[in-house]
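Close look at the chain arrangement
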Amino acid sequence: MSCRICFSYTESFLDLGNSPPANSLLSKPLRKIKKFPLVLEFCPNCKSIQLRDCLEAEDLYKHYFYETPKSVTLYQHYRYLTNFLENRNYLNKNTKVVELGSNVGDYLKFIQPKVSSILGVDPAENIAQKANKDGIPTIPDFFNLDVAKKILKKSGSSDLIIARHCFAHNSNPHQLLKAAKELLSEDGYLVIENAYVLNTLENNEFDQIYHEHMFYFSIQSIEKALYQNGLKLIDIMISLIHGGSIVFIASNLNSLDKRSYALEKYLKHEISFFNKDLLINFARNTIKIKDDLKKIISDIVNSENNVIYSYGATAKGNTLINFLELEEGVISYCVDSTKIKQNKFLPGSNIEIVDEEFAKFNPPNYYLLTAWNYKDEIIKKVREAGNLDSIFIVPFPSPHFA
């Protein structure tokens, strides 16, 4: 295929087989379900990693089951990110903020007291409805040039456009960047936060690969995409959230903003370490983790009829479970605190999603921790609820017990 960023030829380096859309939870078990390829491509020119096959956005997002979790870890990250934006003067009391993929509006609510105005844009009508009901003004639509022009006409330009863990959910990043450029004020900033490709590869996080994650951005690839659309990368911030994320800060191409020391330092590091050997190791480790996990689970199930639940009805969890190709019934239930997910079934595996109260009174011998990015918080919550016995299987960076 040709790269969707720079249009050079790409090379396939990992095939996870066919999988259903990771957030397409089922109201009842289905024996036959549509599955689609999960094949990763690498562009040697701009150092982009992307899915070979992208699904239509309408199919993925119009009615969505992902809702931002109420998490201590996440709120700590909100503070960390906001402090960074304030300290670098990307955000202040006069800032007009638009957030793309704003979900139920938790981050907008967090920064609302610190800025002039807030507005969310989210394509999931059911999620946008919740946000509006909670007092967070949210447009239920896909962000594109038309939507940008409508916002511009009604509210004027935006000083800060934020796209947190949604920019990679678009098969055409140029479309989104053109729209952001249109809406951005002359001295405004675009903030893009996503999983960082180096962390994903170095930590063997193959479960981050699912149909919503169409891109796995490097500093080099995002810089090229920004430049092609009249924007320039000026700063970055690295964080530990979601297994290792990166925040890109961009401004208009003709702005006086200079590249930060952090950007220069991490770009130099990336150029040194992001190579084909890293991709080969990632593909090799993916197969090894699969084999190791299958053996661990098989040994547990075959020993004294142990019961295993998964913890977290996450998209990454569905990727992992479908890739493991476990026999039906090996994992008895999936535990999740999100109400809209409860009493539904995971696509492909047909595992029923139950609430934490059910798990408290019917504890398993083991949990496969599919929401591993909230590991410490989840284990603490389970222990404080009185369950001191269930053992957690943590898949990454290599399978281990906790």
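A brief report on the enclosed structure follows. (Residues numbered from 1 in each chain as written. Predicted model: local features only at pLDDT ≥ 70, side-chain atom pairs only at ≥ 80, totals over all residues. Heavy atoms only, no water.)

Our next topic: the pattern of salt bridges. Applying the stated criterion across every chain, the model contains 15 salt bridges. Two residues, aspartate 235 and arginine 88, come together in a salt bridge whose shortest N-O distance is 2.5 Å. Of the two residues, aspartate 235 is situated in strand β10 (residues 231–239) and arginine 88 in the loop between α2 (72–87) and β4 (96–100); the sequence distance between them amounts to 147 residues. For arginine 88, a relative accessible area of 39% gives the class partly exposed. Measuring nitrogen to oxygen at the nearest pair gives 2.7 Å for the salt bridge that ties glutamate 356 to lysine 381. Of this pair, glutamate 356 sits in helix α12 (residues 356–361) while lysine 381 sits in helix α13 (residues 375–384); the two residues are 25 residues apart in sequence, bridging distant segments of the chain. Residue glutamate 356 is classed as partly exposed on the basis of its relative accessible area of 25%. (Salt bridge = Lys/Arg side-chain N within 4 Å of Asp/Glu carboxyl O. Helix = DSSP H or I, 4+ residues; strand = E, 2+ residues; numbered from the N terminus. Buried < 20%, exposed > 50% of the residue type's maximum accessible area, 1.4 Å probe, protein only.)

Moving on: the nonpolar core. Counting 124 residues, the largest nonpolar core has Ile49, Leu85, Phe143 and Ile209 as the members making the most contacts within it. Examining the composition of this core, we find that nine residues originate from one element, helix α10 (residues 276–301), more than from any other. For isoleucine 209, the residues in contact, after removing those within four places along its chain, are Leu14, Leu16, Leu38, Leu40, Leu51, Tyr216, Phe282 and Thr319. (Core = buried A, V, L, I, M, F, W, Y, C linked by side-chain atoms within 4.5 Å. Contact = heavy atoms within 4.5 Å.)

Another point: the packing of aromatic side chains. For the coordinates displayed, the defined rule picks out 19 aromatic pairs. Seen in terms of ring centroids, tyrosine 107 and phenylalanine 110 are 6.3 Å apart; in terms of plane orientation they differ by 15 degrees. Their pairing is stacked. One end of the pair is tyrosine 107 and the other is phenylalanine 110, both in helix α3 (residues 106–111) and three residues apart, which spans about a single turn. A centroid spacing of 6.3 Å and a plane angle of 55 degrees characterise the contact between tyrosine 366 and phenylalanine 401, whose relative ring orientation is tilted. In this pair, tyrosine 366 sits in strand β15 (residues 366–369) while phenylalanine 401 sits in strand β17 (residues 400–401), placing the two residues 35 residues apart along the sequence. Taken together, the ring pairs connect Tyr309, Tyr311, Tyr333, Phe358, Tyr367 and Phe392 into an aromatic cluster. Lysine 316 extends its terminal NZ or CZ atom over the ring of tryptophan 372, reaching a point 5.5 Å from the ring centre. (Phe/Tyr/Trp six-rings, centres within 6.5 Å; stacked < 30°, edge-to-face > 60°. Lys NZ or Arg CZ within 6 Å of the ring centre and 35° of its normal.)

This part is about the packing of helix α5 (residues 145–155) against helix α6 (residues 173–183). Any two packed helices are characterised by how steeply their axes cross, that is the angle between the axes, and by the distance between the axes. The interhelical angle for the contact between α5 and α6, taken along N-to-C directions, is 15 degrees, at an axis separation of 8 Å. With respect to α6, the element α5 is oriented roughly parallel. Along this stretch, α5 crosses α6, giving a crossing that reads as right-handed. Every residue of α6 that contacts α5 at Leu145, Ala148, Lys149, Ile151 and Leu152 is listed here: Lys178, Ala179, Glu182 and Leu183. Within the contact of α5 with α6, the residues separate by chemical class into six nonpolar, no polar and three charged. (Axes fitted to C-alpha atoms, helices over the stretch in contact; angles between N-to-C directions. Parallel < 35°, antiparallel > 145°, perpendicular 65-115°, else oblique. Left-handed = near helix turned anticlockwise from the far one by under 90°. Nonpolar A, V, L, I, M, F, W, Y, C, P; charged D, E, K, R; others polar.)

Turning to helix α4 (residues 125–133), its buried residues number three or more, namely Asn126, Ile127, Ala128 and Ala131. Positive phi appears at glycine 135, one or two residues downstream of α4, with a value of about 85 degrees.

Covered by surrounding structure in strand β12 (residues 308–311) are Ile308 and Ser310 together with Tyr309 and Tyr311, the residues of both alternating faces. Alignment of β12 against strand β13 (residues 331–335), held across three bridges, turns out to be parallel. Counterpart to tyrosine 311 in the pairing with β13 is valine 335. Tracing the backbone out of β12, into helix α11 (residues 315–324) and back to the parallel element β13 gives a crossover that is right-handed. (Pairing = 2+ DSSP bridges. Right-handed = clockwise from strand over helix to strand, strands pointing away.)

For the rest of this paragraph, the subject is the sheet that holds strand β9 (residues 215–216). Across the sheet, which stays open at both edges, the four strands sit in the order β1-β2-β3-β9 with antiparallel pairing between neighbours. Taken across any chain shown, the strands that pair with only one partner, and hence form the sheet edges, are β1 (11–19) and β9. Together, β1, β2 (36–43) and β3 (48–51) form the strand contacts of α10, whose direction differs from that of β1 by roughly 25 degrees.

This part takes up unusual backbone geometry. Cis geometry is found at the peptide bond from phenylalanine 396 to proline 397, where omega equals 5 degrees. For asparagine 204, which is not glycine, the phi dihedral falls at a positive 60 degrees. Considering the arrangement of structural elements, one finds asparagine 204 in the loop between α7 (197–202) and β9. Of note, the phi angle at asparagine 305 is positive, near 55 degrees, even though the residue is not glycine.

The subject of this paragraph is the environment of isoleucine 222. Locating isoleucine 222 in the fold gives a position in helix α8 (residues 219–227). Considering only alpha carbons, one finds isoleucine 222 and leucine 85, 137 residues apart in sequence, at a separation of 19 Å. Apart from the residues within four sequence positions on either side, isoleucine 222 is in contact with Phe167, Ile192, Phe217, Leu233 and Phe248.

Next up on the list: the sheet that holds β17. The six strands are arranged β14-β13-β12-β15-β16-β17 in an open sheet whose pairing can be described as mixed. On the outer flanks of this sheet lie β14 (352–354) and β17, each paired with one strand and no other. In the sheet, strand β16 (residues 391–394) pairs with β17 via two bridges, with the strands oriented antiparallel. Counterpart to isoleucine 393 in the pairing with β17 is phenylalanine 401.

Here the focus is the environment of proline 137. Relative to the assigned elements, proline 137 resides in the loop between α4 and β6 (138–139). Classification of proline 137 by relative accessible area gives partly exposed; the value is 33%. Beyond its immediate chain neighbours, meaning those up to four positions away, proline 137 contacts Ile118, Leu119, Gly120 and Asn132.

Here β2 lies mainly inside the structure; six of its eight residues are buried. Looking at chain direction, β1 and β2 are connected through six bridges and run antiparallel. In the strand pairing of β2, aspartate 15 is matched with valine 39. Counting the residues that bridge the hairpin from β2 to β3 gives four residues, and of these lysine 47 lies at a positive phi of roughly 60 degrees.

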